[in-house]
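Understanding the architecture of this molecule
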Amino acid sequence: MSTTVVFSSSLSFLFLNTTTPKSYRCLTFKPYHVGTFPLLTRSHFPFLASSVDNVTVIDEMETVEKAEVLVSNGSAFTVPKFRDARWIAGTWDLEQFKKGENTDWDAVIDAEVRRRKWLKDHLESSSNDDPVVFRSSIIPWWPWVKRFHLPEAELLNGRAAMIGIFMAYLVECLTGIGLVDQMNNFFCKTLMFVTVVGVLLIRKNEDIQNLKDLSNEITMYDKQWQAAWKEDDRK
Amino acid sequence: MATQFTSTAGTQLKSFVGLRQSSLQTTSSTSLRPRSRRITSFQIRASRSSPKVPGRPLRVAIVGGGPAGGAAAETLARGGVETFLIERKLDNAKPCGGAIPLCMVDEFDIPMDIIDRKVTKMKMISPSNVAVDIGRTLKPHEYIGMVRREVLDEHLREKAKSLGATVINGLFLKMDKPKDNVSPYVLHYNHYDGSKGAGMGVPRTLQVDAVIGADGANSRVAKSIDAGDYEYAIAFQERVKIPSNKMVYYEDLAEMYVGQDVSPDFYGWVFPKCDHVAVGTGTVTHKKDIKKFQNATRLRAKDKIEGGKIIRVEAHPIPEHPRPRRVLDRVALVGDAAGYVTKCSGEGIYFAAKSGRMCAEAIVQGSENGKRLVDESDLRVYLAKFDKAYWPTYKVLDVLQKVFYRSDPAREAFVEMCADEYVQKMTFDSYLYKKVVPGNPLDDIKLAFNTIGSLVRANAMRREMAKLAD
């Protein structure tokens, strides 16, 4: 059971604990509007010289000026590049992360996290002369598990255990069936399965809505494609 | 965007096909028609009971002369149907990626001189500027063809013309629907023949028995049959003429930039064209910020396009999913008008041409080479065939987009996955030949584990990043 908890909780990371705004998960299916049409008008594109669905050719002189300003803008105000003593030639120098005999992988993860945060705030251009060759896959699996997975697994297992003990006690009080006999009963096994799944999937109150949105999202595209085949009688 | 480049995760370079994003409303999975709850599924029956067309071949009008219209016109003309192709701008240079897969070159007999470039290498760049090279698994004869839309469209139209189709330079205005199954459709259009001066058209009408709407994302034919809305993306592109020493780098290489800065639900690209590059990006949910995304894309590619001059700015809407209604009586929609653009990569040219061809084939078959009238059930044969053939492709790309374009960690994981050879091979095979090929199951399982691993790592790092902000 603990292995399923471990595995499922890692899977749940992917979907439920993202901090992306809700809009990303909600695919709406616009109800059928008679007569409306997503025509793009000039109000949608104030910056374009003429209507959108035609190709806009901007005057050569205008674009030259604009282009030079735009393209050289980067050098006009120089964006500070990411610098760190341990970041050498586009990757982390693992020699500098040694803690005694072994590499301190936690420190590598921290350094990479800091670099990504820096890049988010200070956009950098990708360059062929100075490419990034670091791959997070060089960090073995166990630092990740130890640092990210185990605390959460401990939490979830703890919750499941508490609920389990309490429910076993309650059921025994109500029916007199001991724990071993409860496990033999199919209904009780089902209840236990439901509890485990519930603890894994629903960790915060928002998770219930998230799950509903996810299931909508998974089927939305199918519905859009099937739409041509399901129509009310028009005639 | 040019070619669809399918990366291992199945991401393909989109040809301006936007990533759709769900809008900001909360979900309400309303059905298309809120009026009645009873839904009837349609069945396909060949219209054997259709009356014969007296003394003349079946007349079909195709509104729109892009890849969909051109391919449909060719097949109809070849099948003995009297074809009219109405196109409003015969030299229209569409803002489009211009990438065509290998199977299109074979299936539509595209001559080699139309293909400007053969892209065989791709570079994917993650939000943290990790760059991955893709294309090592391509065989020598495999490539992604880059074409200029005006050249390709012209070629397809000329081919149709040589087989007997009539190409009309005109702007379709509206359509009068017939009252019964045998009366003709009356199309109203402005005919441009130069007699009234530039831009002025002579109003004319055309009577036909069936209509194919191939007039693109803002289709008027779709409007006239109340086909419904779709969500759409905006793709914005600048054509930049860069110095020739920098152009060498892009000789046969296309780049794809992913990141929240470049697009929240799509990717930014640098695609080589005949003598310049196209730098662009797209979005569904944040259309107002498109300029910001374009600046970010230019910044990411700054070193490689430095010194370039912008020679053209283009933008176009791209459908995200099919319209609710694609066929009504004797009118069918194909191509962008129907909404056949894939998610994730935004490929549309091939599916437009193929859907045009399939629709035309259904008409030719249902009318027995132009001798009988067609009705809705014949056109639904085309829908069934298209959906059956390409549904897996669309679904896989949809899943890929949902999983890998959600957030920056997902995009990092995505780029990491693309470094894997197996992924590259699978992606290219499915892109170039448009078949979802089931690979080696063991490798698939390994790939699944690696994907989950990447996603978990990237998400874990992102949570740490959030902690740093505090």
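Residues numbered from 1 in each chain as written. Chains lettered and ligands numbered in written order. Predicted model: local features only at pLDDT ≥ 70, side-chain atom pairs only at ≥ 80, totals over all residues. Heavy atoms only, no water.

The name given to chain B in an unreviewed UniProt entry is Geranylgeranyl diphosphate reductase, chloroplastic, with the source organism recorded as Zostera marina. Its UniProt record gives chain B a comment under Sequence similarities (unreviewed entry), which states: "Belongs to the geranylgeranyl reductase family. ChlP subfamily." Annotation of chain B in UniProt includes, under Catalytic activity (unreviewed entry), the sentence "phytyl diphosphate + 3 NADP(+) = geranylgeranyl diphosphate + 3 NADPH + 3 H(+)". (UniProt positions renumbered as here; feature names shortened; annotations may be inferred.)

As recorded in an unreviewed UniProt entry, chain A goes by Light harvesting-like protein 3 and comes from Zostera marina. Taken verbatim from the UniProt record of chain A, the Subcellular location (unreviewed entry) comment is "Membrane".

Section: unusual backbone geometry
Residues and elements named next belong to chain B. In this structure, aspartate 109 is a non-glycine residue whose phi angle is positive, near 50°. The exposed category is assigned to aspartate 109, whose relative accessible area is 55%. Here aspartate 226, not a glycine, exhibits a phi torsion of approximately 55°, which is positive. (Buried < 20%, exposed > 50% of the residue type's maximum accessible area, 1.4 Å probe, protein only.)

Description of the packing of helix 6 (residues 141-175) of chain A against helix 8 (residues 186-201) of chain A
Residue and element names in this part refer to chain A. The geometry of helix 6 relative to helix 8 is characterised by a closest axis approach of 10 Å and an angle of 145° between their N-to-C directions. Here helix 6 and helix 8 pass one another in a crossing that is right-handed. Residues Leu156, Arg159, Ala160 and Ile163 of helix 6 form the contact with helix 8, whose own contacting residues are Thr195, Val199 and Leu200. (Axes fitted to C-alpha atoms, helices over the stretch in contact; angles between N-to-C directions. Helix = DSSP H or I, 4+ residues; strand = E, 2+ residues; numbered from the N terminus. Left-handed = near helix turned anticlockwise from the far one by under 90°. Contact = heavy atoms within 4.5 Å.)

Thoughts on the packing of aromatic side chains
What the rule picks out here adds up to 23 aromatic pairs over all chains. Ring centres 4.8 Å apart and planes at 70° place the aromatic pair B:Tyr249 and B:Tyr250 in the edge-to-face group. Through pairs of rings, three or more aromatic residues link up here, namely A:Tyr221, A:Trp225, B:Tyr340, B:Tyr350, B:Phe351, B:Phe386, B:Tyr390, B:Trp391 and B:Tyr394. Positioned above the aromatic ring of B:Tyr143 is the side chain of B:Lys118, whose terminal nitrogen or guanidinium carbon lies 4.7 Å from the ring centre. For B:Lys287, the ring lying beneath its charged end belongs to B:Tyr232, and the centroid distance is 4.3 Å. (Phe/Tyr/Trp six-rings, centres within 6.5 Å; stacked < 30°, edge-to-face > 60°. Lys NZ or Arg CZ within 6 Å of the ring centre and 35° of its normal.)

Examining the nonpolar core
Residues and elements named next belong to chain B. By size, the foremost hydrophobic cluster in this structure holds 132 residues, and its most contacted members are Leu187 and Tyr382. For this core, the element with the highest residue contribution is helix 8 (residues 349-366), accounting for 11 residues. Taken domain by domain, this core gets at least three of its residues from each of domain 1 (20-110 + 147-228 + 324-390) and domain 2 (398-469). Here leucine 187 is in contact with Ala61, Val63, Ile86, Phe172, Lys174, Met175, Arg204, Thr205, Leu206, Val208 and Val211, once residues within four sequence places are set aside. Ranked by size, the runner-up nonpolar core spans 18 residues in total, among them Val240, Ile242, Ile290 and Val313. (Core = buried A, V, L, I, M, F, W, Y, C linked by side-chain atoms within 4.5 Å. Domains from an automatic or database assignment.)

Regarding the packing of helix 1 (residues 67-78) of chain B against helix 8 of chain B
What describes two packed helices is the angle between their axes and the distance between those same axes. Residues and elements named next belong to chain B. Contact geometry of helix 1 with helix 8 gives a least axis separation of 7 Å together with a crossing angle of 30°. One element, helix 1, and the other, helix 8, form an angle in the roughly parallel class. Helix-helix and strand crossings are classified by hand; for helix 1 and helix 8 the assignment is right-handed. Residue-level inspection shows Pro67, Ala68, Ala71, Ala72, Glu74, Thr75 and Leu76 of helix 1 in contact with helix 8, the latter providing Ile349, Ala352, Ala353, Gly356, Arg357, Ala360, Glu361, Ile363 and Val364. Among the residues forming the contact of helix 1 with helix 8, the class breakdown is 11 nonpolar, 2 polar and 3 charged. (Parallel < 35°, antiparallel > 145°, perpendicular 65-115°, else oblique. Nonpolar A, V, L, I, M, F, W, Y, C, P; charged D, E, K, R; others polar.)

Focus on the pairing of strand 13 (residues 232-241) of chain B
All names here are of chain B. For strand 13, the buried fraction is high: 9 of the 10 residues fall into the buried class. Pairing between strand 13 and strand 17 (residues 309-319): 10 bridges, direction antiparallel. Paired with tyrosine 232 across the two strands is proline 319, which belongs to strand 17. As judged from the 7 bridges shared by strand 13 and strand 16 (residues 277-283), these two strands associate in the antiparallel manner. Across the sheet, residue isoleucine 234 finds its bridge partner in strand 16, namely threonine 283. (Pairing = 2+ DSSP bridges.)

Observations regarding the sheet that holds strand 8 (residues 144-147) of chain B
Residues and elements named next belong to chain B. Strand order in the open sheet formed by 3 strands is 4-8-5, with antiparallel pairing between adjacent strands. For this open sheet the edge positions go to strand 4 (99-100) and strand 5 (115-119), each flanked by a neighbour on one side alone. Bridge analysis of strand 5 against strand 8 gives 4 bridges, and the strand direction is antiparallel. From the neighbouring strand, isoleucine 115 faces strand 8, where its bridge partner is valine 147.

Observations regarding the pattern of salt bridges
In this structure the tally under the stated criterion is 42 salt bridges over all chains. Between A:Arg147 and B:Glu464 there is a salt bridge whose closest N-O contact spans 2.7 Å. Of the two residues, A:Arg147 sits in helix 6 while B:Glu464 sits in helix 12 (residues 441-469), which places them in two different chains. B:Glu464 gets classed as buried once you look at its relative accessible area, which sits at 11%. Between B:Arg239 and B:Glu314 there is a salt bridge, and its shortest N-O distance comes to 3.2 Å. Note that B:Arg239 is positioned in strand 13 and B:Glu314 in strand 17, a separation of 75 residues in sequence. Overall, B:Arg239 belongs to the buried group, its relative accessible area being 8%. In this structure B:Glu314 comes out as buried when scored by relative accessible area, which is 0%. Each of A:Asp106, A:Asp110, A:Arg147, B:Glu464 and B:Lys467 takes part in salt bridges that share partners, so that together they form one network. (Salt bridge = Lys/Arg side-chain N within 4 Å of Asp/Glu carboxyl O.)

Here's the deal with the environment of B:Tyr250
Residue and element names in this part refer to chain B. Tracing the backbone shows tyrosine 250 in the loop between helix 5 (244-247) and strand 14 (253-257). Residues tyrosine 250 and lysine 304, spaced 54 residues apart in sequence, show a C-alpha to C-alpha distance of 9.2 Å. For tyrosine 250, the contacting residues outside a window of four places in its chain are Arg117, Ile242, Glu255, Val270, Pro272, Val277, Lys304 and Ile305. There is a polar contact of 2.8 Å between the side chain of tyrosine 250 and the side chain of glutamate 255. (Polar contact = N/O pair within 3.5 Å; in protein donor to acceptor, adjacent residues only side chain to side chain.)

Let's talk about the sheet that holds strand 18 (residues 327-328) of chain B
All names here are of chain B. Taken in spatial order, the 8 strands of this open sheet run 11-10-9-3-2-12-19-18, and their pairing is mixed. Whereas interior strands pair on both sides, the edge strands pair on one side only; in this sheet they are strand 11 (202-208) and strand 18. One ladder, built from 4 bridges, connects strand 2 (residues 59-63) with strand 12 (residues 210-213); its direction is parallel. Across the sheet, valine 60 pairs through a bridge with alanine 210, a residue of strand 12.

A closer look at the domain arrangement of chain B
Residues and elements named next belong to chain B. Examined at the domain level, chain B breaks down into domain 1 (20-110 + 147-228 + 324-390) and domain 2 (398-469). Contacts between the two partners involve 12 residues from domain 1, matched on the other side by 8 residues from domain 2. In total, about 930 Å² of surface goes out of reach between domain 1 and domain 2, with carbon and sulfur atoms giving 59% of it. Contact with domain 2 buries area across many residues of domain 1, yet Leu102, Lys343 and Cys344 alone supply 51% of it, more than any other trio. Taken together, domain 1 and domain 2 are joined by 5 residue pairs in polar contact (both at pLDDT 80 or more). Listing elements by their share of the side of domain 1 that touches domain 2, those giving two or more residues are strand 4, helix 2 (102-107) and helix 8. (Buried area = accessible area lost by both parts, 1.4 Å probe.)

Notes on the side chain of B:Ser377
Locating B:Ser377 in the fold gives a position in helix 9 (residues 376-404). Side-chain polar atoms of B:Ser377 contact the side chain of B:Asp375, separated by 2.7 Å.

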